[in-house]
Amino acid sequence: ARNSVNKTRSFHEVKEEMQCQTAHMLPLALVSTVVLVTLFSAGEVDGQSCYAQGACCYTAYTTALRYQMGSSTSSYDCNCGGWWGGCDTCYSTSYHSTSEYYVQSYQQYSCCSGYSGNTCSDINECSGSHGCEHKCHNTVGSYYCTCNSGWVLLSDGRNCQVSIEVTTTQDTYVLTDGGTAVVNCSATGGVAPTNMTFHTPTGVLLTDTGSHGPGDRFYLGSTTLTQLNTSDSPLYQAWHTLTISGAAFEDSGTYTCSAANGTVEDTAGFDIFVEGIIEVSDAVIVKYNQTAEMECLALVFSTESSTVTWWWREGTGNSTQVVSEGGTVISTEVLGPDQLKSVLSIEVVDTTHDGVYVCVVSTGYNKLTADLLLLLEKEHPHTPVNLTASGIGPTWLTLEWTAIFVEHKPIEKYIIAQKSPSAYDRNITLENDKQGMPSLSIRHNISSDMLPFTNYSFSVRACNHIGCSDESKPVPVTTLQDLPTEPLSFSAVETQSTSVSLQWKEPAMPNGIIVHYHIDYKP
């Protein structure tokens, strides 16, 4: 015979766990007037408690009664049957052979809310008066209401109201400075949405097709309306497009798209963030062997996902990544939630550092770049040495000197100074067509604007756009003699029968020392 006393939990514990309604104890018709004891315990039906199944709750009672049976022997079992023994009153009687008494016990069950019948079957609330305005959905032990497409359930859980839902294709648009964003905004509802609008972060209302906002960077498209296919009721969707072209840093912020249909409205926000390098060093000009620093300040959407690298490019050649080593140090710091500052420092600058440096900021959304020019401050060249003159003629000679070449002291030209106490002075400019070459000898022929038999002094300077060197040590030169020009004012001043007196003046250009005059005559 089944015995419910084997459970150790008390009746009160079982009742508390089940949180069910307490069943009423049925009256028991006693055959005897002697009641020995009444016990309360949690029962078990076919090895499963009603609490575990969740559909049937019960209160179990075991009452021990002494009945005089005489010499008769009788016993019976009650097979409750149905679901977990059903929810009827179930009796179990056993006979003890050691005495002439038998014990009778019974249990009483009742169904939880949402169940009914002897087997506690689920009640389909949706088959009757359920109170749902649109749709009723039955569940085990309960039910709930929903609304047709484009409608929303009110707080009473039964009635529906027309709804509108506004969304954008993205929550965040991350652009580069000067970039473009196309924002598609949709409004969906059971009634056709109307009055779709965009607002800028500064509150500018965009309502018409055309350009708006600062710098005419905002363009608002027309609204399109579509009816969607649904299984219950009409559903409408409207689309509106905002284009931001040539975005600037001041365009960053939270924008809104709004729409209404009748008495309800909805708004969706979206963020525009414009990234870019907002500040770089001007062209850095540094002296030879000095320290150079270049800075790059970037505005980024997320400093955590952003990295900075530096690259060096000479002229139009390929770029080489700059790394922190030796006297070169790269340091990057976060100045705020959206600002990064990177500094490239070169401790000792020489001619190998000349060129264009590129700051590259990779943000995860965009690749931002900025060029910085590093110029080694040039110095005027060294003074040429070993100036000599050779091949001297009446009006020509050859000058030769040694140029001292240093990379940060380039030579762009030479200036030859020609001086004479008896003739005019002049400077002769000679462009250097051998820039970049090591120290070498320079030859230059002078074959014009010189006078024969004239004392000259020659010196040379090396020059670039910074300035010129000092003059070299001068070299004196006297040109060779040349034929003199004709004598001047030649005339006969006295004539005799056998003689004549002649006179003339010295040639204007003696071109040397006149040692004699030669007079020709004919009879």
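How each quantity is defined
- Residues numbered from 1 in each chain as written.
- Predicted model: local features only at pLDDT ≥ 70, side-chain atom pairs only at ≥ 80, totals over all residues.
- Heavy atoms only, no water.
- Salt bridge = Lys/Arg side-chain N within 4 Å of Asp/Glu carboxyl O.
- Helix = DSSP H or I, 4+ residues; strand = E, 2+ residues; numbered from the N terminus.
- Buried < 20%, exposed > 50% of the residue type's maximum accessible area, 1.4 Å probe, protein only.
- Pairing = 2+ DSSP bridges.
- Core = buried A, V, L, I, M, F, W, Y, C linked by side-chain atoms within 4.5 Å.
- Contact = heavy atoms within 4.5 Å.
- Disulfide = S-S within 2.5 Å.
- Axes fitted to C-alpha atoms, helices over the stretch in contact; angles between N-to-C directions.
- Phe/Tyr/Trp six-rings, centres within 6.5 Å; stacked < 30°, edge-to-face > 60°.
- pLDDT = per-residue confidence, 0-100.
- Patch = residues over 30% accessible without salt bridge, like charges linked within 9 Å, V, L, I, M, F, W, Y side chains within 5 Å.
- Areas by Shrake-Rupley, 256 points an atom, 1.4 Å probe, with all protein chains shown as cover.

### Looking at the pattern of salt bridges
All chains considered together, the criterion is met by 4 salt bridges. Where Glu400 meets Arg443, a salt bridge forms, and the shortest distance between an N and an O atom there is 3.1 Å. A residue pair is termed long-range when its members are at least 10 positions apart, and Glu400 in strand β31 (residues 397–403) and Arg443 in strand β34 (residues 440–446) qualify at 43 residues. Residue Glu400 is classed as partly exposed on the basis of its relative accessible area, which comes to 24%. Since its relative accessible area comes to 55%, Arg443 is described here as exposed. Ionic pairing is found between Arg426 and Asp449, a salt bridge with its closest N-O pair at 3.3 Å. Of this pair, Arg426 sits in strand β33 (residues 426–431) while Asp449 sits in the loop between β34 and β35 (455–463); the two residues are 23 residues apart in sequence, bridging distant segments of the chain. Take Asp449: its relative accessible area is 47%, and that puts it in the partly exposed class.

### Some remarks on the pairing of strand β21 (residues 264–280)
In this sheet, β21 lies alongside strand β12 (residues 172–176) in parallel orientation, the contact comprising 5 bridges. Opposite Val174, over in β21, you have Phe273 as the bridge partner. Across 9 bridges, strand β20 (residues 253–261) lies against β21 in antiparallel orientation. Bridge assignment links Ser258 to a residue of β21, and that residue is Thr267. Hairpin geometry of β20 and β21 is characterised by an intervening segment of 2 residues between the two adjacent antiparallel strands and by a positive phi of about 80° at Gly262. Of the pairings in the sheet, the one linking β21 to strand β23 (residues 292–299) comprises 4 bridges and is antiparallel in character. Looking across to β23, one finds that Glu279 is bridged to Leu297.

### With respect to the nonpolar core
In this structure, Phe198, Leu242, Phe270 and Ile272 are the most contacted members of the largest nonpolar core, which totals 26 residues. Elements represented by at least two residues in this core include exactly β11 (164–168), β12, β13 (181–189), β14 (194–199), β17 (218–220), β19 (235–244), β20 and β21. At 5 residues, the largest contribution of residues to this core is made by β21. Residues contacting Phe270, with those up to four places away along its chain left out, are Thr168, Gln170, Asp171, Tyr173, Val183, Phe198, Leu242, Gly253, Thr254, Tyr255, Thr256 and Cys257. Membership of the second largest hydrophobic core comes to 24 residues, among which are Ile277, Cys296, Trp312 and Leu340.

### Focus: the state of the cysteines
For the structure on display, the rule yields 6 disulfides. Note on cysteine connectivity: Cys463 is disulfide-linked to Cys468, with sulfurs 1.9 Å apart. When the S-S torsion is 110°, as for the bridge of Cys463 with Cys468, the disulfide is right-handed. Here Cys463 falls in the buried class, since its relative accessible area comes to 0%. For Cys468, a relative accessible area of 30% puts it in the partly exposed group.

### Some words on the sheet that holds β33
Taken in spatial order, the 4 strands line up as β33-β32-β35-β36 in an open sheet, and their pairing is antiparallel. At either margin of the open sheet sits one strand with a lone partner, and together these are β33 and β36 (475–478). With direction set aside, neighbouring strand axes in the sheet form an average angle of 25°.

### A word on the packing of aromatic side chains
Tallied over the full model, the rule gives 10 aromatic pairs. Where Tyr173 meets Phe270, the ring centres are 6.0 Å apart and the plane angle is 80°; that geometry is what we call edge-to-face. Taken as a pair, Tyr173 in strand β12 and Phe270 in strand β21 lie far apart in primary sequence, 97 residues in all. Assigned by exposure class, Tyr173 and Phe270 land together as buried.

### So, the sheet that holds strand β22 (residues 284–287)
Strand order in the open sheet made by the 5 strands is β22-β29-β28-β24-β25, with mixed pairing throughout. Two strands in the sheet have a free side with no partner beyond their single neighbour: β22 and β25 (319–322). Neighbouring strand axes in the sheet, compared pairwise and without regard to direction, differ in orientation by 30° on average. In terms of strand pairing, β22 meets strand β29 (residues 367–377) through 4 bridges, oriented parallel. For Val286, the partnering residue across the bridge sits in β29 and is Leu376.

### Let's talk about the side chain of His353
With respect to the element layout, His353 can be found in the loop between β27 (339–346) and β28 (355–362). Discounting residues that sit within four places of it in the chain, His353 has contacts with Trp312, Ile346, Val348 and Leu374.

### Points about the environment of Leu399
The residue Leu399 is located in strand β31 in this model. Accessibility expressed as a relative area gives 1% for Leu399, which makes it buried. With 17 residues separating them along the chain, Leu399 and Ile416 place their C-alpha atoms 9.4 Å apart. Not counting residues up to four positions away in its chain, the partners in contact with Leu399 are Leu387, Thr388, Ala389, Ile416, Ile442, Arg443, His444, Ile446, Phe458 and Val475.

### Focus: the environment of Asp122
Within the secondary structure, Asp122 sits in strand β6 (residues 121–122). Classification of Asp122 as partly exposed rests on a relative accessible area of 33%. Put simply, Asp122 and Gly141 are 19 residues apart on the chain and 5.7 Å apart in space, counted from C-alpha to C-alpha.

### Describing unusual backbone geometry
The phi dihedral of Asn386 falls on the positive side, at around 60°, and the residue is not glycine. For Asn386, the location among the structural elements is in strand β30 (residues 385–390). Its relative accessible area of 55% is what places Asn386 among the exposed residues. Here Asp449, not a glycine, exhibits a phi torsion of approximately 55°, which is positive.

### Observations regarding the confidence of the model for the protein chain
In this model, the protein chain carries a mean pLDDT of 77, and residues with pLDDT of at least 70 account for 74%. A low-confidence stretch, residues 1–107 stays under pLDDT 50, and its non-local contacts, those more than four residues away or across chains, total 195 contacts.

### Observations concerning a nonpolar patch on the surface
Residues Phe490, Val500, Leu502 and Ile519 make up a contiguous nonpolar surface patch of roughly 360 Å² in combined accessible area. Structurally, the position occupied by Leu502 is in strand β38 (residues 500–505).

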